Amino acid sequence: MTLPLMIFAAGKGTRMAPLTDVTPKPLIQVAGRTLLDRALDLGREAGVGRVVVNTHHLGQQIRDHVAGRDIAVSDEAGMLLETGGGLRKALPLLGTGPVVTMNPDVIWTGPNPIGALLRAWDARMDALLMLVPLERTVGRQGDGDFSLDPAGRLIRGGGLVYGGIQILRPDRLSEIGDEVFSLNRLWDLMIADGRAFGLVHDGQWCDVGRPDCIPLAEALLDG
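Residues numbered from 1 in each chain as written. Predicted model: local features only at pLDDT ≥ 70, side-chain atom pairs only at ≥ 80, totals over all residues. Heavy atoms only, no water.

Peer 1: Is there a simple way to explain the overall build of the protein chain in this structure?
Peer 2: Secondary structure summary: the protein chain contains six helices and 14 strands in total. Viewed in the frame of its principal axes, the protein chain has a C-alpha envelope of about 45 × 40 × 30 Å. Looking at the protein chain residue by residue over its 223 residues, the buried ones come to 52%. A separation of at least 24 residues holds for 71% of the contacts in the protein chain among residues at least 6 apart in sequence. About 9500 Å² of surface is accessible on the protein chain, with carbon and sulfur atoms providing 50% of the total. Averaging the coordinates of the 22 positive side-chain charges in the protein chain and doing the same for the 27 negative ones gives two points 3 Å apart. (Helix = DSSP H or I, 4+ residues; strand = E, 2+ residues; numbered from the N terminus. Buried < 20%, exposed > 50% of the residue type's maximum accessible area, 1.4 Å probe, protein only. Contact = heavy atoms within 4.5 Å. Areas by Shrake-Rupley, 256 points an atom, 1.4 Å probe, with all protein chains shown as cover. Lys, Arg positive; Asp, Glu negative; His and termini not counted. Charge placed at Lys NZ, Arg CZ, Asp CG, Glu CD.)

Peer 1: Just to check I follow, could you spell out the packing of aromatic side chains for this structure?
Peer 2: Any two aromatic rings considered together are summarised by their centre-to-centre distance and by the angle between their planes. One pass over the structure, following the stated rule, counts two aromatic pairs. Here F146 and W187 contribute two aromatic rings whose centre-to-centre distance is 5.9 Å and whose plane-to-plane angle is 70°, an arrangement assigned as edge-to-face. In this pair, F146 sits in strand β10 (residues 146-148) while W187 sits in helix α5 (residues 184-192), placing the two residues 41 residues apart along the sequence. The same class applies to F146 and to W187, which are both buried. (Phe/Tyr/Trp six-rings, centres within 6.5 Å; stacked < 30°, edge-to-face > 60°.)

Peer 1: Explain the pairing of strand β8 (residues 127-133) to me, please; I cannot follow it from the model alone.
Peer 2: The side chains of a regular strand alternate between the sheet's two faces. Most of β8 is tucked away, with seven of its seven residues classed as buried. Burial along β8 is two-sided: the residues A127, L129, L131 and P133 and L128, M130 and V132 are all buried. Alignment of β8 against strand β12 (residues 160-168), held across six bridges, turns out to be antiparallel. Among the inter-strand pairings, L129 is bridged to a residue of β12, identified as Q166. Where β8 meets strand β13 (residues 196-200), five bridges bridge the pair, whose relative direction is parallel. Looking across to β13, one finds that L131 is bridged to V200. (Pairing = 2+ DSSP bridges.)

Peer 1: Is there a simple way to explain the nonpolar core in this structure?
Peer 2: Counting 35 residues, the largest nonpolar core has I7 and I114 as its most contacted members. Beyond its immediate stretch of four places on either side in the chain, I114 contacts L42, G43, A46, V48, V100, M102 and I165. Counting 24 residues, the second largest nonpolar core, distinct from the first, contains L160, F181, L183 and L186. (Core = buried A, V, L, I, M, F, W, Y, C linked by side-chain atoms within 4.5 Å.)

Peer 1: Please explain the environment of L160 as it appears in this structure.
Peer 2: Structurally, the position occupied by L160 is in strand β12. Judged by its relative accessible area of 13%, L160 falls in the buried class. Remark: the alpha-carbon pair of L160 and A39, spanning 121 residues in sequence, is separated by 21 Å. In this view, L160 contacts L131, V132, P133, G144, D145, F146, S147, L148 and V200; residues no more than four positions away in its chain are not counted.

Peer 1: What am I meant to see in the packing of helix α1 (residues 35-46) against helix α4 (residues 113-120) here?
Peer 2: For any two helices packed against each other, one specifies the crossing angle of their axes together with the interaxial distance. Between α1 and α4, the least distance of the axes is 8 Å, while the angle of their chain directions is 40°. In terms of orientation, α1 lies oblique with respect to α4. The crossing of α1 and α4 is right-handed. Contacts between α1 and α4 pair L42, G43 and A46 from the former with P113, I114, G115 and L118 from the latter. Taken together, the residues that form the contact of α1 with α4 break down as five nonpolar, two polar and no charged. (Axes fitted to C-alpha atoms, helices over the stretch in contact; angles between N-to-C directions. Parallel < 35°, antiparallel > 145°, perpendicular 65-115°, else oblique. Left-handed = near helix turned anticlockwise from the far one by under 90°. Nonpolar A, V, L, I, M, F, W, Y, C, P; charged D, E, K, R; others polar.)

Peer 1: Quick question: what am I supposed to make of the state of the cysteines here?
Peer 2: A covalent bond bridging the sulfur atoms of two cysteines is what the word disulfide describes. Evaluated as defined, the whole model comprises zero disulfides. Distance from the sulfur of C206, which forms no disulfide, to the nearest cysteine sulfur (C213) is 5.5 Å. Among the residues examined, C213 registers a relative accessible area of 0% and is labelled buried. (Disulfide = S-S within 2.5 Å.)

Peer 1: Would you mind showing me how to read the sheet that holds strand β9 (residues 137-138) here?
Peer 2: Remark on secondary structure: sheet strands pair via backbone hydrogen bonds, oriented parallel or antiparallel. Read across the open sheet, the three strands follow the order β7-β14-β9; overall the sheet is mixed. Both outer strands of the open sheet, β7 (106-108) and β9, are each paired with one neighbouring strand and no more. Looking at chain direction, β7 and strand β14 (residues 205-207) are connected through three bridges and run antiparallel. When the sheet's bridge partners are listed, V106 is paired in β14 with D207.

Peer 1: Where do I start with α4 in this structure?
Peer 2: At 3.6 residues per turn, the α-helix brings residues three or four places apart onto the same side. Judged by how many residues are buried, α4 sits mostly within the fold: six of eight residues are covered. Turning to α4, its buried residues are P113, I114, G115, A116, L117 and L118. Those residues of α4 that are buried are in contact with α1, β6 (99-102), β7, β8, β12 and β13. The opening residue of α4 is N112, an N-cap whose side-chain oxygen sits 2.9 Å from the backbone nitrogen of I114. (Polar contact = N/O pair within 3.5 Å; in protein donor to acceptor, adjacent residues only side chain to side chain.)

Structure (structure tokens):
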């Protein structure tokens, strides 16, 4: 199955300041390679189709970085729309079917998480989120986000952290009237209908949201 990939690259990266005062967070380097390129590598390895990257903070740097590649840019220069609004704005570039969405500010070890989601996706699902047990995360601050029922459906609260990659049907975005909103709003609709599922990643995961997380991520990659 080939699906388009949306990479959320528009955020201001305030937790990564002062590095993000001059560099957008997706262009921060970990072990000599940008977070954005690492995300693109995972997508290519998993066989995704069209790739869309959204931009806002220092967006021209991201445009320049992807220039000459087969990557579409969804420009949010006028207003930062958050994940839900950003995905809805990008739909003309992505199409109307299921889409893979990805936050680039994380490092993964183990099996390709996008590939694992694509293999597990089925007709019961409106969303399938990649989750990581809290004890297998690095750099994470706070508790987990979800647990799963015996059928793999999402339950709010528990020891599983949303890793920032999912497959999502975008149809119900039209039910949300706000222009700026988080995909949490969409998840809640899907959870209520029993159509939001989770898959537990068989590997480790590092949040690269703060400067002190960069050496943690590099140590994780070094094994």
